[in-house]
Amino acid sequence: MAPPEIVARIERLREQIREHNYRYYVLDAPIISDAEYDALMRELRELEAAYPELITPDSPTQRVGAPPAERFAKVRHREPMLSLANAFSVDDLRAWYERIRRLLGAETAIAFVVEPKIDGLAIAITYEDGRLVLAATRGDGFTGEDVTANVRTVPSVPLALRPPADGRLPRLIEVRGEIYMRIADFERLNEQQAHAGEKVFANPRNAAAGSLRQLDSRITASRPLRFFAYGVGPVEGVTLRSQWETLAYLRELGFPVNPDIRRLEDIEAVIAYCQEWMSRRDQLPYEADGVVVKVDSFAQQRELGVVAREPRWAIAFKFPAREATTRLLDIVVNVGRTGRLNPNAILEPVNIGGVTVSNATLHNEDYIVSRDIRIGDRVIVKRAGDVIPQVVGPIPEVRTGAERPWRMPSACPVCGTPVVRRPGEADTYCPNRACPAQTVRLIEHWVSQGAMDIVGLGERQARLLVERGLIQDVADLYTLTPASFAGIEGYGPKRIQNVLQAIEASKQRPLARLIFALGIPNVGSTLAAKLAEHYRSLDALANASVQELLAIEGIGPHVAESIVAFFADPDNRALIEKLKRVGVRTEAGPEETPRDGPLAGKTLVITGTLAGMTREEAADLIRRAGGKVGSSVTRKTDYLVVGAEPGSAKLEKARQLGIPLLDEQAFLRLVGEQPAEALPRAERTPETMPASDATQADQLRLDV
Ligand code: IVH
């Protein structure tokens with residue numbers, strides 16, 4: 001028999017752990033450190049090991065226990081798990097509202113609860129006298145599968161309910177909600193899976209479903225699953241009158257409830273909520289495919305009823321799709337500016353959220369092999385936000401046998417040089433520096449706005465100049481004459497003069513832009529600015545050691561090594577000498593005097609379109625004035641520069657944090673100068689725009 005003080009201590013530890021779980025998962029406000037929490041768990045485990053007769057199934061230590069099952073038992077739901085009708089537009093939403101208003105009577109007030117619709121899987125968890133006894137998947141809505149052992153491993157699912165304020169636990173309650181995976185956790189999991197040579201998942205939903213349907217709950221326990229409760233099935237011993245009251249009650253019992261759920265009193269507010277989340281969906285840590293709108297009052301819900309397994313009292317407002325399935329017709333390889341071979345998918349054109357997609361990135365060889373993507377496969381294609389569409393994976397279930405596995409070619413598809421893949425790297429390269437494909441990409445990058453900003457030269461012109469043998473590298477740009485452009489379509493004397501002037505002017509670009517323009521692998525414009533500030537000349541940077549680079553904030557070993565390798569390459573050394581010979585400035589200019597300008601120590605963020613300058617030019621001005629350019633508004637931001645059509649998220653955040661807003665004039669006054677190089681906007685006519693910032697297909701072929 002265990003001594004009573006041990007029994008009491010175990011009980012106390014369990015209570016404490018449950019309360020800390022509640023604070024962590026439900027309130028999102030922990031009051032102890034992870035180490036302190038671990039210490040409580042350790043003490044409980046040790047006591048339970050010494051007194052195994054005191055172990056109870058709802059002890060916080062008992063998340064993994066059952067031996068692997070052979071298959072899942074079927075579970076008949078006591079009340080069916082319904083599905084939702086969809087609204088694909090605001091009009092659909094209004095039509096739904098008009099219908100329920102008619103049914104409930106035009107004078108009746110209707111309040112709504114609106115909830116992000118998370119893309120995971122629905123689950124029903126039954127508690128008897130406060131203890132978790134059963135967890136079942138939705139299945140067909142009537143019969144699901146018993147996944148109790150697996151659901152027990154999800155840390156945010158309570159094994160025992162937390163007594164509510166009145167201390168009375170319900171006799172029985174079936175809690176319904178969504179098991180899901182956060183996007184960041186999903187990506188990390190896929191990396192681990194690929195590394196271990198295991199199956200990778202197409203999206204967070206599949207990852208969550210695949211993880212929950214494991215016969216061995218130890219595997220489920222190792223997966224980063226989460227739970228949000230959004231409703232109840234059968235309940236005994238408590239009376240709930242509305243959805244809002246139910247959610248508050250579920251929170252009290254210890255269930256995580258989505259913090260973005262709101263109760264709204266009219267349909268206009270509901271519409272605004274739907275639209276707001278539609279535009280902000282990329283800011284959510286999880287995939288949401290819509291908003292669920294529910295009539296709040298249970299009395300009204302009963303009055304409205306259910307038709308054909310869909311309640312009339314709820315509707316799913318769907319966001320535009322981001323994924324679609326289509327056929328992978330072919331895989332072609334493009335060569336990027338660093339010589340990287342980029343496999344691209346040629347797809348049967350498919351509409352994804354209103355945009356037709358006919359090609360998509362496949363990243364690299366490992367990506368294709370680890371997902372077993374074959375030519376001819378039906379594939380899932382994803383297009384999200386601003387990013388290039390990507391093939392996320394095949395649907396192997398519908399294979400016919402005619403699909404063909406793909407291999408990376410052994411020779412560069414443009415110049416025929418045997419390709420190389422360095423050990424430990426996923427990318428394959430064409431090692432030939434003179435490969436015409438690389439030269440064209442290098443020139444495109446060199447002339448682009450963030451780099452040397454040579455207006456009037458685009459991809460097509462670059463290709464022609466390379467094909468004519470006039471340019472072998474970017475330094476050759478500075479040897480072009482009017483005759484070089486003879487016969488190129490669209491180049492009259494005036495335009496030729498403009499281009500040559502722009503090329504000439506680019507010799508004096510700030511060092512930061514020159515470093516960026518060189519296309520050093522892993523060096524973007526922000527890092528280039530940092531390197532320019534630190535080294536003040538290209539030669540000094542070229543002679544930097546890995547050790548020295550590592551001392552600079554934000555540079556890790558991978559980046560440091562890639563910078564040193566770039567400058568160790570005799571071809572790159574020769575190019576730099578050639579650039580100097582043709583007159584490109586390789587020292588920081590007097591305008592690049594950091595730290596002591598009017599913006600010393602300040603961070604500015606830019607949003608919207610400025611009238612008198614490009615964003616890059618504005619960023620140069622900020623850096624020249626000693627300031628830093630931030631990409632998003634945070635507490636550390638000192639000013640937000642606001643142009644036309646600013647991003648609403650940045651603006652709202654700045655207002656929330658009380659960060660001063662600057663219009664263009666105020667900004668120019670603050671930096672204390674008119675930009676020396678800024679072209680008036682009007683001169684950037686489409687005719688003089690680099691053709692490189694054109695279509696998605698073009699961008700696809702770049703190293704991104
Ligand atoms: S309510 C009427 N609320 O959407 C009751 N469902 O088609 C139906 N879902 O499979 C469910 N978030 O997995 C409800 N806040 C939410 C939801 C939600 C996601 C999923 C659920 C179900 C599907 C309904």
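Scope of this entry: the structure provided in the associated data block. Model, not experiment: these values are computed from the prediction.

Some words on the site of the ligand
The local shell around the ligand holds 15 residues, among which Glu 115, Lys 117, Glu 178, Tyr 230 and Lys 294 are the closest. Within the side chain of Lys 117, one N or O atom sits 3.3 Å away from an oxygen atom of the ligand. With 4 residues, strand 3 (residues 112–118) is the single largest residue contributor to the shell around the ligand. Residue classes in the shell around the ligand are distributed as 9 nonpolar, 1 polar and 5 charged.

Thoughts on the packing of helix 12 (residues 436–447) against helix 13 (residues 459–467)
Two elements in contact, helix 12 and helix 13, have axes separated by 9 Å at closest approach and are oriented at 135°. Between helix 12 and helix 13, the angle is such that the two are oblique. Considering only the axes of helix 12 and helix 13, their crossing is right-handed. Counting all contacts with helix 12, which are made through Pro 436, Thr 439, Val 440, Arg 441, Ile 443 and Glu 444, the residues of helix 13 involved are Glu 459, Ala 462, Arg 463 and Val 466. Tallied by class, residues from the contact of helix 12 with helix 13 come to 5 nonpolar, 1 polar and 4 charged.

Digging into the packing of aromatic side chains
In total, this model carries 12 aromatic pairs according to the counting rule given. The interplanar angle of 80° and the centroid separation of 6.3 Å between the aromatic rings of Phe 228 and Tyr 286 together place this pair among those described as edge-to-face. One end of the pair, Phe 228, is in strand 8 (residues 226–236); the other, Tyr 286, is in the loop between helix 9 (267–279) and strand 10 (288–295), and 58 residues separate them in sequence. Tyr 286 sits in the buried class, given a relative accessible area of 4%. Chaining the aromatic ring pairs together yields one cluster made of Trp 96, Tyr 97 and Phe 112. One Lys or Arg, Arg 371, reaches over the ring of Tyr 367 and ends 3.7 Å from the middle of that ring.

Some details on the pattern of salt bridges
Evaluated as defined, the whole model comprises 45 salt bridges. Residue Glu 43 pairs with Arg 9 through a salt bridge whose shortest N-O separation is 2.8 Å. Taken together, the positions of Glu 43 in helix 2 (residues 34–50) and Arg 9 in helix 1 (residues 4–26) put the pair 34 residues apart, joining distant regions of the chain. Residue class for Glu 43 comes out partly exposed when judged on its relative accessible area of 28%. With a closest N to O distance of 2.8 Å, Asp 476 and Lys 578 form a salt bridge. Pair noted here: Asp 476 is in the loop between helix 13 and helix 14 (493–505) and Lys 578 is in helix 20 (residues 570–581), with a separation of 102 residues, a long-range link. The partly exposed category is assigned to Lys 578, whose relative accessible area is 23%. Three or more residues are tied together by salt bridges with common partners; here these are Asp 282, Glu 287, Arg 322 and Lys 382.

The rules behind these values
- Residue numbers restart at each chain and count upward from 1, following the sequence in its written direction.
- Only residues with pLDDT of at least 70 get local features here, since the model is predicted, and only at 80 or more are side-chain atom pairs given and counted; chain-wide, interface and lining totals rely on the full set of residues.
- Water and hydrogen atoms were dropped before computing side-chain values, which therefore reflect all heavy atoms in the structure.
- Residues are counted as near a molecule or strand when any one of their heavy atoms sits within 4 Å of it.
- Between N or O atoms, a polar contact is any pair within 3.5 Å; within protein, one atom must be a potential hydrogen donor and the other a potential acceptor, and residues adjacent in sequence are included only when both atoms are from side chains.
- In this text, helices come from DSSP runs of H or I with a minimum length of four residues, and strands from runs of E with a minimum of two, each type numbered from the N-terminal end.
- Side-chain classes follow a simple rule in which Ala, Val, Leu, Ile, Met, Phe, Trp, Tyr, Cys and Pro form the nonpolar group, Asp, Glu, Lys and Arg form the charged group, and the remainder, Gly included, forms the polar group.
- Throughout, an axis means a line fitted to C-alpha atoms (over the contacting stretch in the case of helices), and angles, computed between N-to-C directions, take values from 0 to 180 degrees.
- Throughout this description, any angle smaller than 35 degrees is read as roughly parallel, any larger than 145 degrees as roughly antiparallel, any in the 65 to 115 degree range as roughly perpendicular, and the remainder as oblique.
- We call a crossing left-handed when the near helix sits turned anticlockwise from the far one by less than a right angle, and right-handed when that turn is clockwise.
- Contacts: residue pairs with any heavy atoms within 4.5 Å of one another.
- Aromatic rings from Phe, Tyr and Trp, with only the six-membered ring used for Trp, were paired whenever their centres fell within 6.5 Å, and each pair was classed as stacked if the ring planes differed by under 30 degrees, edge-to-face if by over 60, and tilted otherwise.
- Here's how the labels work: a residue is buried when its accessible area is under 20% of the maximum for its type, exposed when over 50%, partly exposed in between, all with a 1.4 Å probe on protein chains only.
- Sitting over a ring, as applied to charges here, requires NZ of Lys or CZ of Arg to be within 6 Å of the ring centre and within 35 degrees of the ring normal.
- A side-chain nitrogen of Lys or Arg and a carboxyl oxygen of Asp or Glu constitute a salt bridge if their distance falls within 4 Å.

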